[in-house]
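Structure at a glance
Here's the letter readout for the chains.
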Amino acid sequence: ETGVTQSPTHLIKTRGQQVTLRCSSQSGHNTVSWYQQALGQGPQFIFQYYREEENGRGNFPPRFSGLQFPNYSSELNVNALELDDSALYLCASSLAPLGGSEQYFGPGTRLTVT
Amino acid sequence: GESVGLHLPTLSVQEGDNSIINCAYSNSASDYFIWYKQESGKGPQFIIDIRSNMDKRQGQRVTVLLNKTVKHLSLQIAATQPGDSAVYFCAEGAGGTSYGKLTFGQGTILTVHP
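Residues numbered from 1 in each chain as written. Chains lettered and ligands numbered in written order. Predicted model: local features only at pLDDT ≥ 70, side-chain atom pairs only at ≥ 80, totals over all residues. Heavy atoms only, no water.

**Observations regarding the overall build of chain A**
Rule in force here: Where helices and strands are cited, they refer to DSSP runs of H or I of at least four residues and of E of at least two residues respectively, numbered from the N terminus. The size measure is the radius of gyration over C-alpha atoms, and the globule rule it meets is 2.2 Å times the number of residues to the 0.38 power. Whether a residue is buried, partly exposed or exposed follows from its accessible area with a 1.4 Å probe, protein chains only, as a fraction of its type maximum: under 20%, in between, or over 50%, in that order. We call two residues in contact whenever any of their non-hydrogen atoms come within 4.5 Å of each other. Under the convention used here, a 1.4 Å probe and the Shrake-Rupley method define accessible areas, while residue burial counts only the protein chains that appear. In this charge count, Lys and Arg are treated as positive and Asp and Glu as negative; neither His nor the chain ends contribute. Just so you know, the charge point we use is NZ for Lys, CZ for Arg, CG for Asp and CD for Glu.
Regarding its fold elements, chain A presents 0 helices and 11 strands. Along chain A, helices (α) and strands (β) appear in the sequence β-β-β-β-β-β-β-β-β-β-β when read from the amino end. Computed over C-alpha atoms, the radius of gyration of chain A comes to 13 Å, within 12% of the 13 Å expected from 2.2 N^0.38 for 114 residues, which places it in the range of a compact globule. Projected onto the principal axes, the alpha-carbon positions of chain A cover approximately 35 × 25 × 25 Å. The buried share among the 114 residues of chain A stands at 51%. In chain A, the share of contacts with a sequence separation of at least 24, taken over all contacts with a separation of at least 6, comes to 54%. Counting every atom, chain A has about 5200 Å² of accessible surface; 49% of that belongs to carbon and sulfur. Here chain A carries 7 positive and 9 negative side-chain charges, and the mean point of each set is 8 Å from the other.

Written out as structure tokens, the structure reads:
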């Protein structure tokens, strides 16, 4: 059984640019959630994908968007990057989207916006 | 929005002592609660969860206590080891027909001295 993997590990972008982060869910998991973790804070929910559709969204602007593919892997896209987007982006997979208490997190992608 | 701060609560203990990490949650309608451990450079790791209809749950060396009256959650770690040093987060989630969004607390830094 493979765990949640994310790529790339680290990324440096310039303000105004666009970025795509990738996540492969744990084997057998059909639901992927994305979180943003700023330095010194807990993760904040961005959105969740289930059956290739967005299944709930946190308080993030539309320039944060995502995709889920038939193999359950997922992408997080951020347009028009701002300095405050610098954070650790975490992907978590779970067996189901409804009240699933066991979300397994990947190691994250550290994004730095300069 | 949430307040921003780089000064997380800290707890320092000696190896072999018992540790108690506390968390106040905000949503009285939350259906389940989870404790995560996050080591430097890694994603959050599931430790233990508890449903809202329970007040205590035990795992291996860990116990979670839930007091819904005062909206308080605690994690007790028995015989704390240096490998337990990490940031600990509590998270709350809504069950039922809502999606599996987790709302994380600020986190507590646990340092275990040999």
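The structure having been displayed, the exposition proceeds.
**Focus on the sheet that holds strand β5 (residues 56-58) of chain B**
Strands belonging to one sheet form pairs held by backbone hydrogen bonds; the direction of such a pair is parallel or antiparallel. All names here are of chain B. The test is simple: In short, DSSP must find at least two bridges between two strands for them to pair. Axis definition: a line fitted to C-alpha atoms, over the contacting stretch in the case of helices. Angles run 0 to 180 degrees between N-to-C directions.
Read from one edge of the open sheet, 4 strands run β2-β7-β6-β5, paired in antiparallel fashion. Single-partner strands in this sheet number two, and they are β2 (19-24) and β5. Across the sheet, the mean angle from the axis of one strand to that of its neighbour is 15°, orientation sign disregarded. Two strands pair when backbone bridges link them, and β5 and strand β6 (residues 62-67) are joined in this way by 3 bridges, in the antiparallel orientation.

**Focus: the packing of aromatic side chains**
Our working definition: Only Phe, Tyr and Trp rings are paired, with Trp represented by its six-membered ring, and only when their centres lie within 6.5 Å; those with planes under 30 degrees apart are stacked, over 60 edge-to-face, the remainder tilted.
Under the criterion given, the structure shown has 11 aromatic pairs over all chains. Taking the centre distance of 6.2 Å and the plane angle of 80° together, the rings of B:Phe89 and B:Phe104 count as edge-to-face. One end of the pair, B:Phe89, is in strand β8 (residues 86-93); the other, B:Phe104, is in strand β9 (residues 102-104), and 15 residues separate them in sequence. For the pair formed by B:Phe89 and B:Phe104, the shared burial category is buried. Grouping aromatic residues by their ring pairs yields a cluster made of A:Tyr35, A:Phe45, A:Phe105, B:Tyr36, B:Phe46, B:Phe89 and B:Phe104.

**Considerations on the pairing of strand β4 (residues 45-51) of chain B**
Residue and element names in this part refer to chain B. Taken together, the 6 bridges between strand β3 (residues 32-38) and β4 define a ladder with antiparallel strand orientation. Its bridge partner lying in β4, Tyr32 is registered against Arg51. Hairpin connection, β3 to β4: the antiparallel pair is bridged by 6 residues, and Gly41 has positive phi, about 80°.

**Some thoughts on the pattern of salt bridges**
Once the charged atoms of two side chains with opposite charge are near each other, the side chains can pair. In plain terms, the rule: Any carboxyl oxygen of Asp or Glu that lies within 4 Å of a side-chain nitrogen of Lys or Arg is treated as forming a salt bridge with it.
In this structure the tally under the stated criterion is 8 salt bridges over all chains. For B:Lys42, the salt bridge is made with B:Glu39, and the minimal N-O distance between the two is 3.7 Å. For B:Lys42, a relative accessible area of 46% puts it in the partly exposed group. Among the ionic contacts, a cluster of salt bridges with common partners joins A:Arg63, A:Glu82 and A:Asp85.

**Concerning the environment of B:Leu66**
Residues and elements named next belong to chain B. With respect to the helices and strands, Leu66 occurs in strand β6. Exposure remark for Leu66: the relative accessible area of 6% places this residue in the buried category. In sequence terms Leu66 and Asn53 are 13 residues apart; their C-alpha atoms lie 9.3 Å from each other. Sequence-distant contacts of Leu66, defined by excluding residues within four places in its chain, comprise Tyr25, Phe33, Ile50, Arg51, Ser52, Met54, Asp55, His72 and Leu73.

**Notes on the sheet that holds strand β1 (residues 5-7) of chain A**
All names here are of chain A. Taken together, 4 strands build an open sheet; the order of strands is β1-β3-β8-β7 and the sheet is antiparallel. With one partner strand each, in any of the chains shown, β1 and β7 (64-68) form the two edges of the open sheet. Between one strand and the next, the sheet's axes are offset by a mean angle of 20°, whatever the strand orientation. In this sheet, strand β3 (residues 19-24) lies alongside β1 in antiparallel orientation, the contact comprising 3 bridges. Residue pairing in the sheet places Ser7 in a bridge with Arg22 of β3.

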